[in-house]
Amino acid sequence: MLQGGPARNGVYPEGTAPQDFRPWRVRSGRHSSLQSPSVCDGTVYVCSKEGVCYALAALTGTVRWSTAIGERMGFAPPVVSDGVVCVTDAIGRVYALGAEDGQEHWRRRFDGSVQLVADKGVVYGVDSAWLHNRGANPAKLFALNLASGEPLWRTDVFDRAMTHPALADGRIFHTSEFGDIGAYDAATGDRLWRVPCDSRWVDMANSPCVGDGVVYAAVQSTLFAHAAEDGEVLWSRDYGGLIRSSVSVLGDTVYFSTKPHSRRDRPASYAVDAATGEIRWQLANRYGASAIALSGSSGWVVSGRDINYLYAVDLATGTRRWKRYLGPKGGTVPVLWNGIAFLSTHTDRLIAIDARTGQMPSRLLRSRRPGTP
């Protein structure tokens with residue numbers, strides 16, 4: 001799922017692409033744009049904004065199935081767990097599809113845009129109800145049985161939440177529109193702690209991530225580190241540029257990118273000490289960059305004026321290993337599987353790239369129309 005897994009720490013298993021792997025790209029069709037993909041057990045799952053969900057073989061790009069939902073999709077990429085693919089549409093419905101065949105198992109309607117995370121037979125979500133009722137109702141945190149869609153619990157979170165939740169060690173973490181962060185018991189929905197933040201807003205991409213008992217969350221140009229147990233602020237630091245994508249954490253290092261907020265800002269990708277926030281290295285990105293996907297000794301980030309370059313970074317030094325052009329409209333944050341990086345361009349293509357060498361696809365594969373076998 002987004003940012004590698006339920007903890008949203010941006011880490012993917014290390015791997016090497018098979019020798020017979022050839023980079024590929026699939027086009028969804030004219031006037032059909034694709035959202036961020038997810039990958040699980042050798043299958044890539046991706047949705048078009050126009051309401052079609054696809055499952056493709058990760059090694060070849062062959063379409064295994066496609067299912068037409070019938071509504072414009074929400075912003076959240078697919079969440080895959082226990083043989084079920086959960087997707088959301090733009091009017092607050094959650095759909096559960098079979099990972100093997102794309103058949104609909106169940107659907108449920110909520111009051112607003114929904115962001116999901118799933119693990120161990122349960123799907124958790126934030127229902128941003130306030131978006132559709134002019135703030136009359138607060139956002140809601142909920143849990144559903146993944147197999148049946150039956151509600152397990154629901155909790156009003158009493159603020160305007162719209163980021164993706166993170167799940168780790170039996171707790172759900174989420175941030176509000178204004179940067180407040182809260183922790184909830186995953187079994188009951190009871191609130192465990194909440195730390196307010198004196199901020200005007202937080203970008204919806206700034207989901208919290210969890211690593212080694214610490215929750216990291218960004219508010220504007222400041223990164224906060226909270227103790228997962230009680231919310232205590234362990235440290236915070238301003239990095240002089242908007243942190244508008246989720247942060248990643250691997251071992252004792254936190255990685256993130258900033259974007260320009262004023263002419264004085266110098267946007268860059270950063271590696272900082274997880275215990276103190278001290279900068280270990282920074283790589284200048286004149287126009288900003290996306291979240292960093294981590295695997296082994298490398299990280300992958302999308303950067304450029306229109307966020308249109310994908311490049312690999314040495315995690316120890318911050319030096320670029322390779323850089324590839326994605327097109328005039330750029331691409332999404334990459335996801336990784338078995339040494340392959342997958343991302344959608346902001347036109348209508350899903351691309352698979354050799355993550356070690358940066359080898360790009362040379363030919364275009366057309367996907368089948370929705371509903372064909």
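Preceding block: the structure.
Position numbers for residues start from 1 in each chain and track the written sequence from start to end. Only residues with pLDDT of 70 or above have their local features reported here, since the model is predicted, and side-chain atom pairs are shown and tallied only from 80 upward, although totals for entire chains, interfaces and linings are computed over all residues. Side-chain metrics in this entry use all non-hydrogen atoms of the structure; hydrogen atoms and water are not considered.

A. Region of the structure containing the environment of Arg107. Helix numbers and strand numbers start at the N terminus; a helix is a DSSP run of H or I with at least 4 residues, a strand a run of E with at least 2. On the secondary structure map, Arg107 appears in strand 9 (residues 104–109). Whether a residue is buried, partly exposed or exposed follows from its accessible area with a 1.4 Å probe, protein chains only, as a fraction of its type maximum: under 20%, in between, or over 50%, in that order. For Arg107, a relative accessible area of 42% corresponds to the partly exposed category. Spatially, the C-alpha atoms of Arg107 and Thr88 are 9.5 Å apart, while their sequence positions differ by 19 residues. Leave out the neighbours within four places in its chain, and Arg107 touches Arg93, Val94 and Tyr95. For this analysis, a polar contact is any N or O atom pair within 3.5 Å, provided that within protein one partner can donate a hydrogen and the other can accept it, and provided that sequence-adjacent residues contribute only side-chain to side-chain pairs. A distance of 2.9 Å separates polar atoms of two side chains, one belonging to Arg107 and the other to Glu104. Should any heavy atoms of two residues lie within 4.5 Å, those residues are considered in contact.

B. Seen up close, the packing of aromatic side chains. Stacked, tilted and edge-to-face pairs are distinguished by plane angle, under 30 degrees for stacked and over 60 for edge-to-face with tilted covering the rest, among Phe, Tyr and Trp rings (Trp via its six-membered ring) whose centres lie within 6.5 Å. Under the definition given, this model contains eleven aromatic pairs. A ring pair is formed by Tyr239 and Tyr270, whose centres lie 5.5 Å apart and whose planes are at 55°; its orientation type is tilted. Linking Tyr239 in the loop between strand 21 (233–238) and strand 22 (248–250) with Tyr270 in strand 24 (residues 268–273), this pair joins segments that are 31 residues apart in sequence. We note that Tyr239, like Tyr270, is buried. Between the aromatic rings of Tyr255 and Trp281, the centroid separation amounts to 6.2 Å while the plane-to-plane angle is 45°, which identifies the pairing as tilted. With Tyr255 in strand 23 (residues 253–257) and Trp281 in strand 25 (residues 279–284), the pair connects residues that are 26 residues apart, well separated along the chain. By the burial criterion, Tyr255 is buried, and Trp281 matches it. Taken together, the ring pairs connect Tyr239, Phe256 and Tyr270 into an aromatic cluster. Lying across the ring of Tyr309, Lys323 places its NZ or CZ 4.3 Å from the centre. Counting as a charge over the ring demands two things of the Lys NZ or Arg CZ atom: a distance within 6 Å of the ring centre and an angle within 35 degrees of the ring normal.

C. Region of the structure containing unusual backbone geometry. Although it is not a glycine, Arg8 sits at a positive phi angle of roughly 60°. By secondary structure assignment, the location of Arg8 is in the segment before strand 1 (24–27). Taking the relative accessible area as the measure of exposure, Arg8 reaches 2% and is therefore buried.

D. Examining the sheet that holds strand 13 (residues 151–156) more closely. Here four strands make up an open sheet; going across it, the order is 10-11-12-13 and the pairing antiparallel. Taken across any chain shown, the strands that pair with only one partner, and hence form the sheet edges, are strand 10 (113–119) and strand 13. The mean angle between the axes of side-by-side strands here comes to 15°, regardless of whether they run parallel or antiparallel. In this structure, strand 11 (residues 122–128) lies alongside strand 12 (residues 140–145), joined through six bridges in antiparallel fashion. Within strand 12, the residue paired with Val122 across the bridge is Asn145. Whether two strands pair comes down to DSSP finding at least two bridges between them. Structural elements are reduced to axes, namely lines fitted to C-alpha atoms, with helices fitted over the stretch in contact, and the angle between N-to-C directions of any two is expressed from 0 to 180 degrees.

E. Representation of the nonpolar core. Counting 33 residues, the largest nonpolar core has Trp24, Leu56, Trp300, Leu310, Leu336, Phe342 and Leu350 as the members making the most contacts within it. Excluding residues within four positions of it along the chain, Leu310 makes contact with Trp300, Val301, Val302, Trp322, Lys323, Arg324, Leu326, Pro334, Leu343 and Ile353. We define the nonpolar core as a collection of buried residues of types Ala, Val, Leu, Ile, Met, Phe, Trp, Tyr and Cys that are connected through side-chain atoms lying within 4.5 Å of one another.

F. Quick peek at the pattern of salt bridges. What counts as a salt bridge is simple: a side-chain nitrogen of Lys or Arg found within 4 Å of a carboxyl oxygen of Asp or Glu. Scanning the entire structure with this criterion turns up nine salt bridges. A salt bridge links Glu278 to Arg237, with the nearest nitrogen and oxygen atoms 3.2 Å apart. Of this pair, Glu278 sits in the loop between strand 24 and strand 25 while Arg237 is found in strand 21, placing the two residues 41 residues apart along the sequence. A salt bridge links Asp314 to Arg321; its shortest N-O distance comes to 2.9 Å. The class for Arg321 is partly exposed, based on a relative accessible area of 40%. By sharing partners, the salt bridges in this structure join Asp252, Asp273 and Arg280 into a single network.

Keep in mind that these numbers describe shape and distance, not what the molecule does.
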